[in-house]
Amino acid sequence: MKNGKLALDAKVVSSVLVSICRFLTGIRAKQTSPIAKDTPCIYYANHSSHLDGLVIWSCLAPDIRPYVHPVAAEDYWNKNRLRRYLSRRIFRAILIPRHATKMNIAEESNQCEKITEQSTDETASSTSNKVNALAIMQNILDQGESLIIFPEGTRGNGESIQDFKAGLWHLSRKNPNVQLVPIYLENLNRVLPKGSRLVVPVICSAIFGAPIVPTHDNESKQEFLIRAKSALEELHNGTY
């Protein structure tokens, strides 16, 4: 699966998953502004369900999906054989321990280089507590590929958006040419309620907003995070 090429089993399974996802969620994707196809993206969204990453991934064009990596909780996606297969082989996910370190990207560059030597055919981009999550994500962007992240850090109630963690700001500072694409997900908390294993068919929507301007020297971390969050809230309120 190197260079974005999917093996035959991955192509078949991904096609089936997209169909199931669309059937269960009735997902309606809407794009409010053009997104350059030849530029890596950080797709960032509100987080209220374990299905969030799958829904965004399924809304992308088939030729783009192999180059887009959802960032997800390692403990959930490593829990059993099926989840490990899906996260590693199909989604090519970046699996992050809940207590991964918070050091700057530069401080973990050597560890990041070691991870590039791992084959994505056999393992997801998984980390230990000693590895910096930002460095793992930076490695993907350095390869010209894209990420799906949830800046709130933890799942919300689906009604309001929590304050963003600093990760999106760090990545924006390091990658001013990467597109920051806000996506508002609606009703995902009702499809797979927190603490439930049962999927409830509900019509959902994914609204892709215009890429926001990356952070700059005259903008503080807090100002940027508020601006990025506001872009999601505008999609939620229909003021785009």
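What comes next concerns the included structure. (Residues numbered from 1 in each chain as written. Predicted model: local features only at pLDDT ≥ 70, side-chain atom pairs only at ≥ 80, totals over all residues. Heavy atoms only, no water.)

As a further point, take unusual backbone geometry. Phi at Arg92 is positive, roughly 50°, even though this residue is not glycine. In this structure, Arg92 sits in the loop between α4 (81-90) and β4 (94-96). (Helix = DSSP H or I, 4+ residues; strand = E, 2+ residues; numbered from the N terminus.)

The next subject is the environment of Pro151. When you line up the elements, Pro151 lands in the loop between β6 (146-149) and α7 (167-174). A relative accessible area of 6% means that Pro151 is categorised as buried. Placed 13 residues apart in sequence, Pro151 and Phe164 show a C-alpha to C-alpha distance of 5.0 Å. (Buried < 20%, exposed > 50% of the residue type's maximum accessible area, 1.4 Å probe, protein only.)

Remark: helix α1 (residues 8-25) packs on helix α2 (residues 52-59), axes separated minimally by 10 Å, with the N-to-C direction vectors making an angle of 110°. When the interaxial angle is binned, α1 and α2 end up roughly perpendicular. For the pair α1 and α2, contact is made by Ser14, Val18, Cys21, Arg22 and Thr25 and by Leu54, Val55, Trp57 and Ser58, respectively. Residue classes in the contact of α1 with α2 are distributed as five nonpolar, three polar and one charged. (Axes fitted to C-alpha atoms, helices over the stretch in contact; angles between N-to-C directions. Parallel < 35°, antiparallel > 145°, perpendicular 65-115°, else oblique. Contact = heavy atoms within 4.5 Å. Nonpolar A, V, L, I, M, F, W, Y, C, P; charged D, E, K, R; others polar.)

So, about a nonpolar patch on the surface. Together, Leu8, Val12, Val16 and Ile20 make up a nonpolar patch on the protein surface, roughly 370 Å² of accessible area in all. Topologically, Leu8 is positioned in helix α1. (Patch = residues over 30% accessible without salt bridge, like charges linked within 9 Å, V, L, I, M, F, W, Y side chains within 5 Å. Areas by Shrake-Rupley, 256 points an atom, 1.4 Å probe, with all protein chains shown as cover. Salt bridge = Lys/Arg side-chain N within 4 Å of Asp/Glu carboxyl O.)

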